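Residue strings, one per chain:
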Amino acid sequence: MPKANIQTTLLPGKTNVIPAQSKYKNVLILGNSITYSPINESIGWNKACGMAATSPDLDYVHLLCVHFKFAKLTAVNISRFEREYQTYEPDQYLKEYRDLKPDLIIMRIGENLPMIDSALFRQKYKCLLNYLRSNNPDVKVIAGLSFWPDRDDADNIIKQYSPYVTLNVLSGDISNYAFGLYTDGGVQQHPSDKGMKGIADLLWDGITKLK
């Protein structure tokens, strides 16, 4: 499963930044290509980070890292869950990450869910959260809803099961997208550096309000 190997004290270009204080020491981010996308030269994507940041240290995961002082942070692409939630088995794909026993999980999915079977998605999303909490019931969970608009069916379910942050407030500003920066249309629909910063800022604001 694609993942980013990140240590918050070793960020490219950020080694002299003094991070903000955070009570969380073991953070797990579960997302899709906006969170982490490996190199795919067939679409002109030649970086391993959140698509479509112009450099790894400018994706929202790395921008969030500076807030977590001396924390371990793991970012994993679980777009398979979005696309195959009907048959997805968490223990097959997520045992390694559940067993890390994070103290904070950021659920950052939704873009690949334009049409869903609401009843089945609700069931599978609840099962996913229950699995992640099964050996660590005190873990805090916050959801970052879809960056893209028109994902209301999935967003409305996700936000019922944890504190959440609404991200599609960014979608109305075309400068938050990577249009013109890449040749592939799919890549261009991902967040620009400005969009990534907007996601990071909104998520951090929500994290600071967790009780």
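Residues numbered from 1 in each chain as written. Predicted model: local features only at pLDDT ≥ 70, side-chain atom pairs only at ≥ 80, totals over all residues. Heavy atoms only, no water.

A. Looking closely at the confidence of the model for the protein. Here the protein averages 91 in pLDDT, while 90% of its residues score no lower than 70. Confidence drops under a pLDDT of 50 for residues 5-19, and excluding neighbours within four residues, the segment shows 23 contacts in the predicted structure. (pLDDT = per-residue confidence, 0-100. Contact = heavy atoms within 4.5 Å.)

B. A look at the environment of M115. Structurally, the position occupied by M115 is in the loop between β4 (104-108) and α5 (118-133). It is 8.1 Å that separates the C-alpha atoms of M115 and A154, two residues lying 39 residues apart in sequence. (Helix = DSSP H or I, 4+ residues; strand = E, 2+ residues; numbered from the N terminus.)

C. Highlighting helix α8 (residues 193-208). The first and last C-alpha atoms of α8 sit 22 Å apart over 16 residues, in line with the 22 Å expected at 1.5 Å per residue. Among all positions of α8, only G195, M196, G198, I199, A200, L203, W204, G206 and I207 are buried. In this structure, the buried residues of α8 make contact with α1 (60-65), β4, β5 (140-144) and β6 (164-165). (Expected span 1.5 Å × (residues − 1). Buried < 20%, exposed > 50% of the residue type's maximum accessible area, 1.4 Å probe, protein only.)

D. Quick look at the side chain of E82. For E82, the position within the fold is in helix α2 (residues 79-84). The charged side chain of E82 is buried without a salt bridge, its nearest counter-charge being R83 at 5.6 Å. Of note is the side chain of E82, whose polar atom sits 2.7 Å from the backbone nitrogen of G110. (Lys, Arg positive; Asp, Glu negative; His and termini not counted. Salt bridge = Lys/Arg side-chain N within 4 Å of Asp/Glu carboxyl O. Polar contact = N/O pair within 3.5 Å; in protein donor to acceptor, adjacent residues only side chain to side chain.)

E. Spotlight on the pairing of β4. Taking burial as the measure, the 5 residues of β4 include 5 buried ones, the bulk of the element. Side chains L104, I106 and R108 project from β4 onto one buried face, and the interleaved I105 and M107 project onto a second face that is buried too. Pairing geometry for strand β2 (residues 26-31) and β4, over 5 bridges, is parallel. For G31, the partnering residue across the bridge sits in β4 and is R108. As defined by bridge partners, β4 adjoins β5 across 4 bridges and the pair is classed as parallel. Paired with I106 across the bridge in β5 is I142. (Pairing = 2+ DSSP bridges.)

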